[in-house]
Amino acid sequence: MVIHADESHSLIDSQEAIPSKNETVMDPTLLVKLGRWQWWFLVAINIFFLLVGQAAAVLLGRFYYDQGGNSKWMATFVQTAAFPVLVIPLYFLPSQKDDQSTSSTSPSLLVIALIYVFLGLVIAGDNWLYSTGLLYLSASTYSIISSTQLASNAIFSYFINSQKFSALIFNSVVILSLSVALIGVNDDSDGPAGVSTQKRIIGFICTLAASAVYSLLLSLMQLTFQKVLKKETFSVVLQMQIFTALVASCASLVGLFASGEWKTIHGEMDSFGKGRVSYVMTLVWTAVAWQVCSVGVVGLIFVVSSLFSNVISTLSLAVTPIAAVIAFHDKMNGVKIIAMLMAIWGSASYIYQNYLDDAKARRAVDDVSELHNA
């Protein structure tokens, strides 16, 4: 999957904002500069990019396997291969300028490079786990299990980033965990044809592990922003997306050749159910879809907050099973329907906690503005 910056880190600089680091709020200066309706328009556009991009990428990934594709490393590679698309907004859109105090404490290029390489390698491994899970599971089951990233994220953020663990967040963790437990005990007889029970178990474990690693990755990214980069402007977030995706793509190519799967690519193309052209276009549009999703993620981080971006991403995974039913006629039995509803419920609890934090932060900002005017 694409890289998302983690929750609970405001785009407001710590010297300018009253809310604590555990709260997530919109950028008031950006809101004033754009106007409310323009701000909401940008939010809506980025939500659309994230939801459509992620849903399309998951469905195209399942389509690749259904039509005869079998290379896990190829499926891993396309998740980050279209990263050059992100250079366009980085080049054309203005970024916030760093103040002198921030610049004087900026880490060396070597430290930043080592961080990007480490995160990129973790991303490549995580994407491989996701690709393995999608190979052995139906798109609907895969999406419901992947929604546990929000629960895992809350746990890792509590220990690594000192994130508050409120009653609503605890409720979200419990509900999402129970949702996955239901999927785990469910006999997924509607899974991909020819996949044995043992491989479905492997797919379940890989997807669950991928969600946990992804959540750990988000917490490490937040820690990098707070302790190393000490800033989270649009350009910095976008640069992290680009360079870590570059490393992940290179690592995926190494895996593709080292595993010997590159030898099967020509055979896959010839035997692909919809033809050679469809094979190439499936991979191309999968890569594009992941980057469209990535643009939406980065946009929401910049316009609203990274927590909000992560919640919308998880909500997309909870809703994707509906698209899978339409596209692939996945069977939605009673257990999977209940699991999906529980996943949406758990996500809603997290969203409501975000709403409460934002409301509190806005009140704090308004109080400071009134004192300044007085």
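Two elements in contact, helix α10 (residues 197-229) and helix α11 (residues 234-258), have axes separated by 13 Å at closest approach and are oriented at 125°. Compared by their axis directions, α10 and α11 come out oblique. The way α10 lies across α11 gives a crossing that is right-handed. From α10, M221, T224, F225 and L229 reach across to α11, where they touch V236, V237 and M240. Classifying every residue of the contact of α10 with α11 gives 6 nonpolar, 1 polar and no charged.

Moving on, we come to the nonpolar core. In this structure, Y64, M74, L229, M240 and Y279 are the most contacted members of the largest nonpolar core, which totals 61 residues. Broken down by element, this core gets its largest block of residues, 11 residues, from helix α6 (residues 109-136). Setting aside anything within four residues of it in sequence, one finds M240 in contact with Y116, L119, M221, T224, F225 and L229. The next biggest cluster of nonpolar side chains, apart from the first, holds 9 residues, and it includes L150, A151, L176 and Y350.

It is worth spelling out the confidence of the model for the protein at this point. Taken residue by residue, the protein gives an average pLDDT of 78. The fraction at 70 or more is 81%. Across residues 1-28, where pLDDT falls below 50, the model places 117 contacts with residues more than four positions away in sequence or in other chains. Throughout residues 98-103 the model reports pLDDT below 50, and contacts reaching past four residues in sequence, or to other chains, amount to 7 contacts.

Our next topic: the packing of α6 against helix α7 (residues 139-146). At a minimum axis distance of 8 Å, the contact between α6 and α7 shows a crossing angle of 140°. By the angle class used here, α6 and α7 are oblique. In this structure, the crossing between α6 and α7 has a hand that is right-handed. Of α7, the residues touching α6 (which contributes Y130, G133 and L134) are A139, Y142 and S146. Class assignment of the residues belonging to the contact of α6 with α7 gives a composition of 4 nonpolar, 2 polar and no charged.

What counts and how
Each residue is numbered by its place in its chain's sequence as written, counting from 1. Whole-chain, interface and lining totals are the exception, using all residues; otherwise, since this is a predicted model, local features are given only for residues with pLDDT of at least 70 and side-chain atom pairs are given and counted only at 80 or more. As a rule here, side-chain values come from all non-hydrogen atoms in the structure, and water together with hydrogens is ignored. The convention used is that axes are lines fitted to C-alpha atoms, helices contributing only their stretch in contact, and that angles between N-to-C directions extend from 0 to 180 degrees. A run of H or I in DSSP becomes a helix once it reaches four residues, and a run of E becomes a strand once it reaches two; helices and strands are each numbered from the N terminus. For this classification, under 35 degrees means roughly parallel, over 145 means roughly antiparallel, 65 to 115 means roughly perpendicular, and everything else is oblique. Left-handed is the label given to a crossing in which the near helix is rotated counterclockwise from the far helix by less than a right angle, and right-handed is the label when the rotation is clockwise. Should any heavy atoms of two residues lie within 4.5 Å, those residues are counted as being in contact. For this scheme, ten residues count as nonpolar: Ala, Val, Leu, Ile, Met, Phe, Trp, Tyr, Cys and Pro. Four count as charged, namely Asp, Glu, Lys and Arg, and the remainder, Gly too, count as polar. Only buried residues count toward a nonpolar core, which is a set of Ala, Val, Leu, Ile, Met, Phe, Trp, Tyr and Cys residues joined through side-chain atoms within 4.5 Å. We call a residue buried when its accessible area falls under 20% of the maximum for its residue type, exposed when it is over 50%, and partly exposed in between, using a 1.4 Å probe and counting protein chains only. One confidence number per residue, pLDDT, is output by the predictor and ranges from 0 to 100.

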